[in-house]
Each structure stands twice: as C-alpha cells, then as structure tokens.
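# A closer look at the structure
Listed here are the chains, written in short residue letters.
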Amino acid sequence: MLIGSDYPKIDFSCFGLELLEPNAMLGDLVICIVSLFFAFKVGKMPLQNTFFVAWRWFFILFAIGFLLGGLGHLMYNYWEVSGKYASWYLGIISVFFIERAMISIHPNKTFVRVFNFVVFGKLIAAVSVASAVFVLFDLKENPSLGLRVPSFNSTVGLLFSLGFLGFFYYKKLSSVFKPFWISVLVLFPAVFFQSLKINLHQWFDKNDASHFLLAISLTLYFYGVSAYQKHLSSDY
C-alpha cells in the first residue's frame, strides 16, 4: 500500500508501441462494457419517456467516455494530455443526462422548466471553463488540473440529481428511488482515494479503487431505473 504519492506508472511494449497503465485500460474497458449493457437493457424497457431516454443516453456516453479514457491512459506516450480531452468532455455531458432524467419526473412542472434551463446553463459553463483550462494551462506539468472542472461538475450534478432529488423522490413518491441516493454514498469514499492518494497496490491504485466503486454505482443506477419502470408499469 502507498498513501500520499503514486506508484510509478506500469509500462509495457506491444506491437512496437510503448504503452502505459494496462490496469487503467482494463478497468475502463470493464466499465464501458457494463455501461453499454445497461444502455441496451434500458433501451428495451417498454416505457420510453424523457426519464428512460436520458438514462439510456447517459449509459451510452459514459461507456464511450471510459473507453476513450482507457485509451488515453494506454497511449499517453503518444497522445499526451490531449488524449484525455474527449473523455473529460463526455464526463461533463453524461452527467447532464442524469440531471435531465431526474428533473423530468418532478411533480412540479415549473421546477422542471426552471431546472432544465439551469442544468443546460451548467453544461455550457462547464464545457466552456474546461476548454479554457485545456487551452490556457500547461497540463503536461499537472495533468490533474484538467480533471478539476469535470470532477467538480460531476460532484455538483450527482449530489443534486441523485442525492437531493433521489432522496426527495424516495420520501415523496416511492421507495424505488432508494438506489439513486445510495449510489452517492457508495461513490463518496472515492473522494478520499483520490485526494489522499490511497493506492492499495501498483496494479490496483486509487483510480482502480474509484472505478470499482463506480461500477457498483452504475449497477445501482440501473436497478433504480428498472425499479421505476416496474413501478410505472404497475400503475397501468
């Protein structure tokens, strides 16, 4: 175990290429496959309103983002920090679809209209600020700086949509929303893994631990979506 600093990046050669972090590529690929599977399952659900369509788009974009993120790790010697930009942008956009999904079912239509406008504005602001960071700062010296805007955007978006709204719906509408706010609690330890640089092993570092928690959260998202679909179907 290593706390407070990172292990050296694992490097290896394949097909004449000097590659990095196969563990990150593997973890990101697993999340990609899991997310695509959930996207497929949500797309097959009989009820397709804004809630389900937005969740499906989240799973699709999230999967693509993590696939590109894994490649960004693997090909860092060639793509450098610019190879991470696409995954960071998709992380911002995918959170927007979670927000859209959770806002869409609020019983107050004025709330829906106002907060659809708010989260769209947040999306534009996050993409704009992230772009400014990518252009104005030397991320080769500090690549983690490029992740700050996507991370902050995700934290605010998930706390509001899954934490606040998820708990509100759990109390006011149905217990089927419990997996959404529970997912926020599951992800919370990832903050400590990242900020304190808690690396359990060179082949299972802080990013791998965060990805493991994220995979659990993705599963909770899907169970929440599935439970809500069954809840709506029982009302017909």
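This next bit is on a nonpolar patch on the surface. On the surface, a cluster of nonpolar side chains totalling about 270 Å² of accessible area is made up of Leu17, Tyr78 and Trp79. Position of tyrosine 78 relative to the elements: it lies in helix H3 (residues 76–79). Classification of tyrosine 78 by relative accessible area gives partly exposed; the value is 40%.

Next up on the list: the pairing of strand S2 (residues 11–14). Relative to strand S3 (residues 17–20), S2 is paired through 4 bridges, and the arrangement is antiparallel. The residue bridging phenylalanine 12 from the neighbouring strand is leucine 19, located in S3. Joining the antiparallel neighbours S2 and S3 is a turn of 2 residues, in which phenylalanine 15 adopts a positive phi near 55°.

Now for the packing of aromatic side chains. Scanning the model with the defined rule gives 34 aromatic pairs in all. Ring geometry for phenylalanine 38 against phenylalanine 222: centres 4.7 Å apart, planes inclined by 5°, an arrangement best described as stacked. Linking phenylalanine 38 in helix H1 (residues 22–43) with phenylalanine 222 in helix H9 (residues 206–234), this pair joins segments that are 184 residues apart in sequence. According to the relative accessible area criterion, phenylalanine 38 is buried, its value standing at 7%.

Scoring rules and cut-offs
- Residues numbered from 1 in each chain as written.
- Predicted model: local features only at pLDDT ≥ 70, side-chain atom pairs only at ≥ 80, totals over all residues.
- Heavy atoms only, no water.
- Patch = residues over 30% accessible without salt bridge, like charges linked within 9 Å, V, L, I, M, F, W, Y side chains within 5 Å.
- Areas by Shrake-Rupley, 256 points an atom, 1.4 Å probe, with all protein chains shown as cover.
- Salt bridge = Lys/Arg side-chain N within 4 Å of Asp/Glu carboxyl O.
- Helix = DSSP H or I, 4+ residues; strand = E, 2+ residues; numbered from the N terminus.
- Buried < 20%, exposed > 50% of the residue type's maximum accessible area, 1.4 Å probe, protein only.
- Pairing = 2+ DSSP bridges.
- Phe/Tyr/Trp six-rings, centres within 6.5 Å; stacked < 30°, edge-to-face > 60°.

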